[in-house]
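Observations on the three-dimensional arrangement
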Amino acid sequence: MTDTDHRTIVSCSVNGRRRDDVVPDNMLLVDYLREHIGLTGTKIGCDGGECGCCTVLVDGRPRHACLTLAAVCNGTDIETIEALDRSGRLNALQRGFNEKLGAQCGFCTPGMIMAAEGLLRDNPDPTEDDIRQGLAANICRCTGYVKIIEAVQFAAAELKNEKTGAAA
Amino acid sequence: MEFMPDFKLHRPATAAEAAKLRADTEDALFVAGGTDMLVNVRRGIEQPKALIDVTAIDDIKSIAEDEDGLHIGAGVTLRDLATNELVQRDYPAVAQAARAVAGPTHQDYGTVGGNLCLDTRCLFYNQSEWWRQSNDYCLKERGEICHVAPGGKRCFAAFSGDVAPAMLVYDAEIDILGANGELRRQPLTELYRNDGLNHLTLEPGDLVTAVHLPKSLAEQPSAYEKARIRGSIDFPLAGAAVRLVMDGGKVANIKIALTGVNPYPQVVKGADTAIGKPLDEDALDALRENVRKQAKPMRTTTVAPWYRRRVVGALARRLTAQLAG
Ligand SMILES: Cc1cc2nc3c(=O)[nH]c(=O)nc-3n(C[C@H](O)[C@H](O)[C@H](O)COP(=O)(O)OP(=O)(O)OC[C@H]3O[C@@H](n4cnc5c(N)ncnc54)[C@H](O)[C@@H]3O)c2cc1C
Ligand code: SF4
Ligand code: FES
Ligand code: FES
């Protein structure tokens, strides 16, 4: 490609599916996901890095899709909220947010759940403080956070049960 | 999608290529994690024709120890810095400062190099395009006057990185790779100048590749603390790092550095007058007053300068008292 050609080929995996796309160099990951692929679960809540609504997992770690260029994701594994349910069954965090009323308007929820997913993969048995710290980059204007923390605690307990259940 | 300038993205695999590209390409800027640069690009503060992404350079992503000390690549993420056992054990203020940057997601991909080279910040600058436009911009970017000090020709935007002061109290040095391929080592203090418009001494093409923390100061007690609006995420209104060694009830060695209260991260002058004396209340008060005198916050945040000056003195005093035990 020449220098006037401001496009890059991105080969990545999105929610387990391999993709090869030509993207403009200035395309943000959040626009790639929402506009190019049509995965609108990931939300945009601010003009960059303030709110956490756009949080997705890149190679298993939380990242702001609104501050990440799509072209930089070449060779990575991207996971969005759409990937979490397994054949229609909600995952533990989704069940937690449902059971504990962790979502009100729901706008922060996809980012909140992806940040929590990153947290639980790293630390399956978080204290309340770990959860508060782990979700500190995510803002919720509705719940006051208490219900969100309970939702993550619920999910952590479910995951622990599933594990011991499977072992028994 | 809002305003996004059209730019070419380069992803060099070596530091040498990155430095050369940056110098040879018109209107090019480096981007690492992008947690500051891409915010500024999206707001139209920066309108580069090319971005040189440095995250594909594997050589600048590791932390290594040898007999001289700890060598931290500029591409190391703040999370890796904060969780590194050697950093936690030998240079605790550095780990604390990394953990105090923004929120956990930013720490996950924000880098050491990006944190040290962070642009200065101001209430009138870190705003959307329409906000700045309706205010006729300002000296720092496109405008004619400074809204903070309208009479003058200086910019007082505050350096607001958390990690620099913590590294400064350990006499950190940095490696810079120039566009000519030459690698030079210099004290971290020399990366900065007291000018909000142009606070970095880097030439176009200069890439910071590593930070070195000396072995001779390893394990000396230190701490970092900042004041911010929301404890979860915000930039420092004021921050202080202190390294303190006591010997027989007297100060053997002390260094204090500040952030958020000047256009550059600053080592407090005259802190060493405490050396050889006990840290009684009078000595701690004198230390606090000395810090307050050197902090020169301006009206660059929503929080008043007098408060930031008071708080930075209080932080330095409290950390020193805590370290003294
Ligand atoms: C909501 C929010 C809150 C934040 N809060 C804080 C905070 O509390 N404290 C804080 O310190 N920061 C904060 N930040 C800023 C930022 O997240 C961090 O400073 C981060 O460490 C920047 O690193 P980066 O790799 O993302 O830098 P980038 O944004 O990629 O780059 C920042 C600057 O450094 C230059 N640069 C990057 N690497 C190099 C290199 N190797 N050599 C030369 N120049 C280089 C770039 O050209 C750019 O000018 C916040 C950001 C957001 C969005
Ligand atoms: S201190 Fe003045 S010139 Fe500098 S960013 Fe603020 S308003 Fe602009
Ligand atoms: S949309 Fe707000 S942090 Fe990305
Ligand atoms: S549920 Fe409305 S913002 Fe969180």
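Only a predicted model underlies this, so the values are computations on that prediction, with no experimental measurement involved.

**Side note on helix H10 (residues 281-294) of chain B**
Because the α-helix completes a turn every 3.6 residues, residues three or four places apart line up on one side. Residue and element names in this part refer to chain B. Given a rise of 1.5 Å per residue, 14 residues ought to cover 20 Å, and the 20 Å separating the end C-alpha atoms of H10 matches this to within 8%. Among all positions of H10, only Leu284, Leu287, Val291, Arg292 and Gln294 are buried. Residues of H10 that are buried make contact with strand S11 (250-259), strand S12 (266-267) and helix H11 (305-324).

**With respect to the domain arrangement of chain A**
Residues and elements named next belong to chain A. We note that the domain assignment places domain 1 (3-83) and domain 2 (92-164) within chain A. Centre-to-centre, using C-alpha coordinates, domain 1 lies 23 Å away from domain 2. Domain 1 puts 17 residues into the contact, and the matching count from domain 2 is 15 residues. For the pair domain 1 and domain 2, the two sides together bury roughly 1300 Å², of which 61% comes from carbon and sulfur. When the buried area of domain 1 at its contact with domain 2 is split by residue, Cys53, Leu57 and Ile81 rank highest and sum to 35% of it. The interface formed by domain 1 and domain 2 includes 1 salt bridge. Linking Arg121 and Glu79 is a salt bridge whose minimum nitrogen-to-oxygen distance equals 2.7 Å. For the pair domain 1 and domain 2, the number of links is 4 residue pairs in polar contact (both at pLDDT 80 or more). Of all elements in the fold, only strand S3 (55-58) and strand S4 (61-64) reach the threshold of two or more residues within the side of domain 1 that touches domain 2. Considering every element that reaches the side of domain 1 that touches domain 2, the biggest residue donor is S3, with 3 residues. Residues belonging to the side of domain 1 that touches domain 2 are distributed by class as follows: 7 nonpolar, 6 polar and 4 charged.

**A word on the domain arrangement of chain B**
Residue and element names in this part refer to chain B. As assigned here, chain B comprises domain 1 (8-55) and domain 2 (58-117 + 158-324). Here domain 1 and domain 2 have C-alpha centroids that lie 25 Å from each other. Taken residue by residue, the interface counts 13 residues in domain 1 and 15 residues in domain 2. Summing both partners gives a buried area of about 1100 Å² for domain 1 against domain 2, and 71% of it is carried by carbon and sulfur. For the pair domain 1 and domain 2, the interface holds 0 salt bridges. There are 1 residue pair in polar contact (both at pLDDT 80 or more) connecting domain 1 and domain 2. Classifying every residue of the side of domain 1 that touches domain 2 gives 9 nonpolar, 3 polar and 1 charged.

**Regarding the sheet that holds strand S10 (residues 238-247) of chain B**
Residue and element names in this part refer to chain B. What the 4 strands build is an open sheet, ordered S9-S10-S11-S12; its pairing is antiparallel. The sheet is open, and its two borders are formed by strand S9 (222-227) and S12, each paired with just one other strand. Examined bridge by bridge, S9 and S10 share 6 bridges and lie antiparallel to one another. Paired with Ala227 across the bridge in S10 is Ala238.

**A look at the environment of Ile72 of chain B**
Considering the arrangement of structural elements, one finds Ile72 of chain B in strand S5 (residues 69-73). For the pair Ile72 of chain B and Asp119 of chain B, spaced 47 residues apart in sequence, the C-alpha separation works out to 21 Å.

**Examining the pairing of strand S7 (residues 183-187) of chain B**
Residues and elements named next belong to chain B. Both strand S6 (residues 173-177) and S7 contribute to a ladder of 5 bridges, which runs antiparallel. Considered in S7, the bridge of Asp175 is made with Arg185. The hairpin turn running from S6 into S7, its antiparallel successor, is 5 residues long, and Gly181 in that turn takes a positive phi close to 90 degrees.

**So, the site of ligand 1**
Residues in contact with ligand 1 amount to 33 residues; listed here are only the nearest, Phe30, Ala32, Thr35, Met37 and Asp162 of chain B. The site occupied by ligand 1 is bordered by residues of chains A and B. Asp36 of chain B has a polar backbone atom sitting 2.8 Å from an oxygen atom of ligand 1. Between an oxygen atom of ligand 1 and a side-chain N or O atom of Lys226 of chain B, the distance comes to 2.8 Å. Protein chains shield 95% of the accessible area of ligand 1, which is 990 Å² for the free molecule. Looking at the shell around ligand 1, the elements with two or more residues in it are strand S2 (28-31), helix H7 (112-116) and strand S8 (207-214) of chain B. A total of 3 residues in the shell around ligand 1 trace back to one element, the largest contributor, which is H7 of chain B. Each residue belonging to the shell around ligand 1 can be placed in one class, and the counts come to 16 nonpolar, 12 polar and 5 charged. Each of two domains, domain 1 (8-55) and domain 2 (58-117 + 158-324) of chain B, supplies a minimum of three residues to the shell around ligand 1.

Thresholds, definitions, all that
- Residues numbered from 1 in each chain as written.
- Chains lettered and ligands numbered in written order.
- Predicted model: local features only at pLDDT ≥ 70, side-chain atom pairs only at ≥ 80, totals over all residues.
- Heavy atoms only, no water.
- Helix = DSSP H or I, 4+ residues; strand = E, 2+ residues; numbered from the N terminus.
- Expected span 1.5 Å × (residues − 1).
- Buried < 20%, exposed > 50% of the residue type's maximum accessible area, 1.4 Å probe, protein only.
- Contact = heavy atoms within 4.5 Å.
- Domains from an automatic or database assignment.
- Buried area = accessible area lost by both parts, 1.4 Å probe.
- Salt bridge = Lys/Arg side-chain N within 4 Å of Asp/Glu carboxyl O.
- Polar contact = N/O pair within 3.5 Å; in protein donor to acceptor, adjacent residues only side chain to side chain.
- Nonpolar A, V, L, I, M, F, W, Y, C, P; charged D, E, K, R; others polar.
- Pairing = 2+ DSSP bridges.
- Near = heavy atom within 4 Å.
- Areas by Shrake-Rupley, 256 points an atom, 1.4 Å probe, with all protein chains shown as cover.

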